[in-house]
Amino acid sequence: MKLLFKGGTIVSGDGMKKLDILVKGEKILAVGEDLEFRDAQIVDVRGKLLFPGFIDAHTHMALEVSNTITADKFETGTKAELAGGTTCIVDYATQYPGESLREALNNWHKKADGQSSCDYAFHLALTDWNEDISRELEEVVQKETCSFKLYMTYDTMVDDETMYEILSRLKELGGIAGVHCENNGIIQARLKEVLKTKGGRKDVSDYPWTRPKEAEAEAVSRLLKIAKCVDTPVIVVHLSTAAGYREILRAREAGQTVYIETCPQYLVMDESKYSLPAEEARHYMIAPPLRKKKNQEVLWQALKEGRIQTIATDHCSFTKEQKMAGAEDFSKTPCGMPGAEERPALIWQFGVNENKITAEQMCIYLSENPAKLYKLYPWKGALIPGSDADIVVWNPDTEWTMTAENQQSACDYCPMEGTKIRGRAEQVYLRGRLAAENGRVLEEKGGVYVHHGAE
């Protein structure tokens, strides 16, 4: 079975070109002008843009956290991703204390295998570190995953000595770490201070004060100094502040290689959400928190200048009922929001439509760069011969409204409820098969696991 996409405009980081795409089975067979194949089924995409399937390299599906588990397991979370145009995710498998790395990966395979509607790979969050883990890391990097996660806060955090040792080992093996940068000491001290001075932590408007921009900036600075001692690149994930960004610029000026990921929520929402009535305000409790609006301008400008490498979701969804765990103490609220389905549309609407970035840059941040950074390229992130036929047919003129009622996520609210969008993933092809159309998933559980080791 061959499919011939005719009349569309291919979007890549190098520009936009009106080219046809021939697909055979799961792969792209040819790309060129005015292609003709007698036995191919024609897909008329005149007036449409063709993006490589988007990649979401920061998701938390079926994550056990805050005495609960995320609302979206792989079944619903990947349907949400696919509906919005994302054809591959890189989810955070977590190694819990006492587990080997293989046990951790096996646990995540049990959650994901046979349940995913888009393709999926894993990062591995390291929380336990010793000589056995260090030895095991070699095979994991070579055979399974080249990317890892380190936390500088939470009960999964690593100290500076462990951070140094892990970064050194990853440098030897050709792996890389993405790091959640917040100063845990500042957060804990301010949580105590709110409890002491206000007699409780019920007012959600106090939440962002407990995780200030300085907590992110200090942790970014400390991470980069450790990475400089090791002389290895690192990734700062979900960057939310101008203060943290300035620390990265200083390190880059001194010759360090630092990659940056940010998220739509830090580009389109701000901390005024925490002044809403408490029940609604808790829906927006994420970590790092939403920031003052002025940070958005800095992050958008950095994207325009190509100084940020990727835009991911940090999709970590909880229902309204789950969020109620923080009714009497906001610190008990499970932190996280849905965003899997919304990401491409939000970046298109508030980025491309408002001339903050170009369509080509959207392709770079949502497809090409994550594929390259996590060694998925050129099978993912490109529309070239030999690549997987992950194709997003984007209609720039479709007008629609975001609502919880129409979303695929198991979360029962939409953070951007009522937002009007012009532009949509009209058709989403996963390895050559039409899997979603205008927000409806047509083929479920067709995703496969993707190795992205250093080999």
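A short tour of the structure in this document, coming up.

A word on the overall build of the protein
Secondary structure summary: the protein contains 14 helices and 21 strands in total. The globule rule puts the C-alpha radius of gyration for 455 residues at 23 Å, and the 21 Å found for the protein is close to it. Principal axes of the C-alpha set define a box for the protein whose edges measure 75 × 50 × 45 Å. Here the protein, with 455 residues, has 62% of them falling under the buried criterion. Pairs at least 24 apart in sequence give 73% of the contacts found in the protein among residues at least 6 apart. Surface summary for the protein: the accessible area is close to 17900 Å², and the carbon and sulfur share equals 47%. Treating the 56 positive side-chain charges of the protein as one cloud and the 69 negative ones as another, the clouds have centres 3 Å apart.

Remarks on helix 14 (residues 359-373)
Counted at 1.5 Å a residue, the expected span for helix 14 with its 15 residues is 21 Å, and the 20 Å between its end C-alpha atoms agrees. Bending of helix 14 peaks at approximately 40 degrees at the position of Tyr365. The buried fraction of helix 14 amounts to 11 of the 15 residues, a majority that puts the element mostly inside the structure. For helix 14, the set of buried residues is Ala359, Gln361, Met362, Cys363, Tyr365, Leu366, Ser367, Glu368, Pro370, Ala371 and Leu373. Within two residues after helix 14, Lys375 carries a phi angle of roughly 55 degrees, on the positive side.

Examining the pairing of strand 14 (residues 176-180)
Burial analysis of strand 14 places five of its five residues in the buried class, which makes it a mostly covered element. Across the two faces of strand 14 the burial is the same, with Ile176, Gly178 and His180 and Ala177 and Val179 all buried. Pairing of strand 13 (residues 147-151) with strand 14 involves five bridges; the strand directions are parallel. Within strand 14, the position partnered with Tyr151 by the bridge is His180. Assessed by its sense of winding, the connection that carries the chain from strand 13 through helix 4 (residues 160-173) to strand 14 is right-handed. Relative to strand 15 (residues 234-236), strand 14 is paired through two bridges, and the arrangement is parallel. Looking at strand 15, one finds that Gly178 is bridged to Ile235.

So, the layout of surface pockets
Put simply, the largest pocket is a space of about 960 Å³. Along the walls of the largest pocket sit 41 residues, with Val65, Ser66, Tyr154, Asp155 and Cys335 positioned nearest its centre. Put simply, the parts of the chain that give the lining of the largest pocket at least two residues each are strand 9 (64-65), strand 11 (86-94), strand 13, helix 5 (184-198) and helix 6 (207-210). With four residues, helix 5 is the largest single contributor of residues to the lining of the largest pocket. Here the residues of the lining of the largest pocket sort into 18 nonpolar, 16 polar and seven charged. Every residue lining the second largest pocket is counted, 16 residues in all, and those nearest its centre are Pro212, Lys213, Glu271, Arg291 and Lys292. Residue contributions to the lining of the second largest pocket peak at three residues, all from helix 8 (residues 242-253). Among the residues forming the lining of the second largest pocket, the class breakdown is five nonpolar, two polar and nine charged.

Some remarks on empty space enclosed by the protein
The full count for this structure, using the stated rule, is two cavities of 30 Å³ or more. Taken together, Pro264, Gln265, Val268, Met269, Thr313, Met337, Pro338, Gly339, Glu342, Leu346, Pro415 and Met416 form the lining of the largest cavity. A per-element tally of the lining of the largest cavity places helix 9 (residues 264-268) first, with three residues. As a volume, the second largest cavity reaches approximately 70 Å³. What lines the second largest cavity is simply Ala83, Gly84, Glu341, Pro344, Ala345, Trp394, Trp400, Arg424, Ala425 and Gly439. When residues of the lining of the second largest cavity are traced back to their parent elements, those giving at least two are helix 1 (74-84), helix 13 (343-352), strand 18 (391-401) and strand 19 (420-430). Class assignment of the residues belonging to the lining of the second largest cavity gives a composition of six nonpolar, two polar and two charged.

The rules we used
- Residues numbered from 1 in each chain as written.
- Predicted model: local features only at pLDDT ≥ 70, side-chain atom pairs only at ≥ 80, totals over all residues.
- Heavy atoms only, no water.
- Helix = DSSP H or I, 4+ residues; strand = E, 2+ residues; numbered from the N terminus.
- Rg over C-alpha atoms; globule rule 2.2 N^0.38 Å.
- Buried < 20%, exposed > 50% of the residue type's maximum accessible area, 1.4 Å probe, protein only.
- Contact = heavy atoms within 4.5 Å.
- Areas by Shrake-Rupley, 256 points an atom, 1.4 Å probe, with all protein chains shown as cover.
- Lys, Arg positive; Asp, Glu negative; His and termini not counted.
- Charge placed at Lys NZ, Arg CZ, Asp CG, Glu CD.
- Expected span 1.5 Å × (residues − 1).
- Bend = angle between axes of the 7 residues up to and from the residue.
- Pairing = 2+ DSSP bridges.
- Right-handed = clockwise from strand over helix to strand, strands pointing away.
- 1 Å grid on protein atoms, 1.4 Å probe; cavity = no way out; pocket = protein on both sides within 12 Å on 5 of 7 lines; lining within 4 Å.
- Points joined across faces, edges and corners; volume = space filled by probe spheres on them.
- Nonpolar A, V, L, I, M, F, W, Y, C, P; charged D, E, K, R; others polar.

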